[in-house]
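Below, each chain spelled out in residue letters.
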Protein chains: 2
Amino acid sequence: MGEGVEWALHCCVNLALAEPGPAVPAARLAGYYDLPPVYFNKQLQALARAGIVESLPGPRGGFRLARPPERITLMDVVAAIEGPEPAFRCAEIRRRGPGATAPAGDPAPCLIDEAMRSAEVAWRSALAARTVADIAGSVRDRTPGVPDRLRRWLAAPRA
Amino acid sequence: MGEGVEWALHCCVNLALAEPGPAVPAARLAGYYDLPPVYFNKQLQALARAGIVESLPGPRGGFRLARPPERITLMDVVAAIEGPEPAFRCAEIRRRGPGATAPAGDPAPCLIDEAMRSAEVAWRSALAARTVADIAGSVRDRTPGVPDRLRRWLAAPRA
DNA sequence: GCACATTTACTCGGATACTATATGTCCGAGTTCAAACGG
DNA sequence: CCGTTTGAACTCGGACATATAGTATCCGAGTAAATGTGC
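Residues numbered from 1 in each chain as written. Chains lettered and ligands numbered in written order. Predicted model: local features only at pLDDT ≥ 70, side-chain atom pairs only at ≥ 80, totals over all residues. Heavy atoms only, no water.

1. Considering the protein's contact with DNA strand C
As a reminder of what qualifies: Residue proximity to a molecule or strand is established when one non-hydrogen atom of the residue lies within 4 Å of it. Polar contact is the term for a pair of N or O atoms within 3.5 Å; when the atoms are in protein, one must be able to donate a hydrogen and the other to accept it, and sequence-neighboring residues count only if both atoms are side-chain atoms. Helix and strand assignments follow DSSP, with helices taken as H or I runs no shorter than four residues and strands as E runs no shorter than two, numbered in order from the N terminus.
DNA strand C sits among 20 residues. The nearest are Glu3 and Val38 of chain A together with Ala26, Gln45 and Ser55 of chain B. At a separation of 2.9 Å, a phosphate oxygen of DNA strand C approaches a polar backbone atom of Ala26 of chain B. At 2.7 Å from a phosphate oxygen of DNA strand C is found a side-chain nitrogen or oxygen belonging to Ser55 of chain B. With three residues, helix H3 (residues 37-49) of chain B is the single largest residue contributor to the surface near DNA strand C.

2. Some words on the protein's contact with DNA strand D
Where we set the bar: For this classification, the nonpolar set comprises Ala, Val, Leu, Ile, Met, Phe, Trp, Tyr, Cys and Pro, the charged set comprises Asp, Glu, Lys and Arg, and every other residue, Gly included, is treated as polar.
Neighbouring DNA strand D are 20 residues, the closest being Ala26, Gln45 and Ser55 of chain A together with Glu3 and Val38 of chain B. Side-chain polar atom of Asn41 of chain A to a base nitrogen of DNA strand D: 3.4 Å apart, as the coordinates give it. Contact between DNA strand D and Gln45 of chain A: a phosphate oxygen at 3.0 Å from a side-chain N or O atom of the residue. With three residues, helix H3 (residues 37-49) of chain A is the largest single contributor of residues to the surface near DNA strand D. Looking at the surface near DNA strand D residue by residue, the class counts come to 10 nonpolar, seven polar and three charged.

3. Comments concerning the relation of the copies chain B and chain A
Quick reminder of the rule: Here the copies are superposed with least squares, the fitted atoms being C-alpha atoms of residues at a pLDDT of at least 70 in both. Every residue pair with non-hydrogen atoms within 4.5 Å of one another is taken to be in contact.
In screw terms, the move from chain B to chain A is a rotation of 180° and a rise of 0.0 Å along the axis, fitting with an RMSD of 0.0 Å. Such a combination of rotation and displacement between the chain copies is what one expects of a two-fold axis. Of the C-alpha atoms belonging to chain B, the one lying closest to the rotation axis is found on Trp123 of chain B, 2.5 Å away. Mapped onto chain A, 100% of the interface residues of chain B are again interface residues, and the two copies thus contact each other with one and the same surface.

Set out below in structure tokens:
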């Protein structure tokens, strides 16, 4: 799985912790964890295309959550970065070669594909059950100093 | 996810359907679905290293299941091909840069990593609940012609 | 006819190229703000 | 003193290289069987 997934998740949680407040530039968000700023911007663009964050150009511009964090699940973020298609894609190899089963109107589904999809549904459901707001709330509860430090650092004129 | 996973899963089911019987060469197994024979052999080597299949060299050689199919879960096969490490690996980026939390003895776990691992456990559990014998049994039950055709084709002197 | 050495054919196994995806970087389009200018 | 114009700085956004992992292939080591030979 891509490394940018972790970046995007932390980013969304940080944006949730920063609310309410002005938009945050990508470079500032990246500098908080010493990430490559421009490539991180690329991931943010993917989040924007998915409608998770919105971008404001120009000075005082940057990124902001497009929805309240209660409406953003971890699954949404992962799908925005990694792509919506499932990790396991059945190529229907059983239809090829001498062992090909009934060619066209075969109603028997591929049992392996079925099992794989079932497992992936379990994964997706687990991720869809956790929202960005849940994570942010737990962070506020367990380590109250972290959100304050984050807001101060984001508000700092320059680093 | 790698394409070889699908190949390995179908291969294990076919080996289960072929039992009892002589060992099957990799090329024969690959030809059944018109797969690249040599690369498919590579995947079989991975299965052998994981102890799922055993290889016999020389004439009359080939591959055979190393355990009864009831003891082989889909998770075992996937882990053998894709590797045992989890798909999402937390790089602990929160420890880096100005936003670094308490450096060393920080007991607070990364909540994002926790959620991701939880979801991945759900995925692994779903795959571990299905065995190769289950799939093979369903195939025998739903499409009785398929196992017979497979055994005949594997026993054919040459194709 | 039988035992043995030899040859042969067949198998896996690891080492070696090629391709697609993910990672990292660069420069241009657009927008807002601030300052300078003129009335 | 106020409105307008002009400029500049800052932002995102897509287009362009590089590194890594997955895909595909080749050739050599090893083994069992079959064959030919001598007794």
